[in-house]
Amino acid sequence: VQLVESGGGLVQAGGSLRLSCAASGLSFSSYAMGWFRQAPGKEREFVAAISWRTGSTRYADSVKGRFTIARDNGKITLYLQMNSLKPEDTAVYYCAAARRAGTWPPADFGFWGQGTQVTVSS
């Protein structure tokens, strides 16, 4: 399984970014997917997840109303649209796939990308 994130960068507070995650090596449409992030000196935290079939979503309270997770099963790609970015959103963002196919919500995530850096300046 390979998950490759892209779209990170430097943006001013209030700006927007869209992250993408290209997946290969798994039956993408059968797996719940998620985004996590890790800020310097902090543990990795959950950001958002999307189900494999119905498109149901879940978000961390800190990003609700600002971030939107989406998937395109035809393009085998996961997205994270981030609006109204804040300096506290600065982190490395990771794409992840559920450990088991066909589960929602997933008990855990078993496949991870290498991450993409998002830096929000004040």
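Just above sits the structure.
Rules used throughout
- Residues numbered from 1 in each chain as written.
- Predicted model: local features only at pLDDT ≥ 70, side-chain atom pairs only at ≥ 80, totals over all residues.
- Heavy atoms only, no water.
- 1 Å grid on protein atoms, 1.4 Å probe; cavity = no way out; pocket = protein on both sides within 12 Å on 5 of 7 lines; lining within 4 Å.
- Points joined across faces, edges and corners; volume = space filled by probe spheres on them.
- Helix = DSSP H or I, 4+ residues; strand = E, 2+ residues; numbered from the N terminus.
- Buried < 20%, exposed > 50% of the residue type's maximum accessible area, 1.4 Å probe, protein only.
- Contact = heavy atoms within 4.5 Å.
- Polar contact = N/O pair within 3.5 Å; in protein donor to acceptor, adjacent residues only side chain to side chain.
- Pairing = 2+ DSSP bridges.

Quick notes on the layout of surface pockets
Alright, step 1. Empty space within the largest pocket amounts to approximately 160 Å³.
Alright, step 2. Lining the largest pocket we find Arg37, Gln38, Ala39, Pro40, Lys42, Glu43, Glu45, Pro87, Glu88 and Thr90.

Topic: the environment of serine 56
Alright, step 1. Take serine 56: it is sitting in the loop between β5 (45-50) and β6 (57-59).
Alright, step 2. With relative accessibility at 30%, the residue serine 56 sits in the partly exposed group.
Alright, step 3. Contact partners of serine 56, with chain neighbours within four places excluded, come to Ala49, Ile50, Ser51 and Trp104.
Alright, step 4. A polar side-chain atom of serine 56 sits 2.8 Å from a polar atom in the side chain of threonine 54.

Comments concerning unusual backbone geometry
Alright, step 1. Of note, the bond from tryptophan 104 into proline 105 is cis; its omega dihedral lies within 30 degrees of zero at -10°.
Alright, step 2. Mapping proline 105 onto the fold places it in the loop between β9 (91-98) and β10 (109-112).
Alright, step 3. Although it is not a glycine, isoleucine 76 sits at a positive phi angle of roughly 55°.
Alright, step 4. With respect to the secondary-structure elements, isoleucine 76 resides in the loop between β7 (67-72) and β8 (77-82).
Alright, step 5. Classification of isoleucine 76 as partly exposed rests on a relative accessible area of 35%.
Alright, step 6. Notably, serine 84 is not glycine yet its phi reads approximately 50°, a positive angle.
Alright, step 7. Following the sequence through the fold, serine 84 ends up in the loop between β8 and β9.

What about the pairing of β8?
Alright, step 1. Judged by how many residues are buried, β8 sits mostly within the fold: five of six residues are covered.
Alright, step 2. Two strands pair when backbone bridges link them, and strand β3 (residues 17-24) and β8 are joined in this way by six bridges, in the antiparallel orientation. By the bridge assignment for β8, serine 20 is matched with tyrosine 79.
Alright, step 3. Across six bridges, the pairing between β7 and β8 is antiparallel. The residue bridging isoleucine 69 from the neighbouring strand is leucine 80, located in β8.
Alright, step 4. Linking β7 back to β8 in an antiparallel pair, the connection comprises four residues, with isoleucine 76 at a positive phi of about 55°.

The values reported here are purely geometric and, on their own, carry no functional implication.
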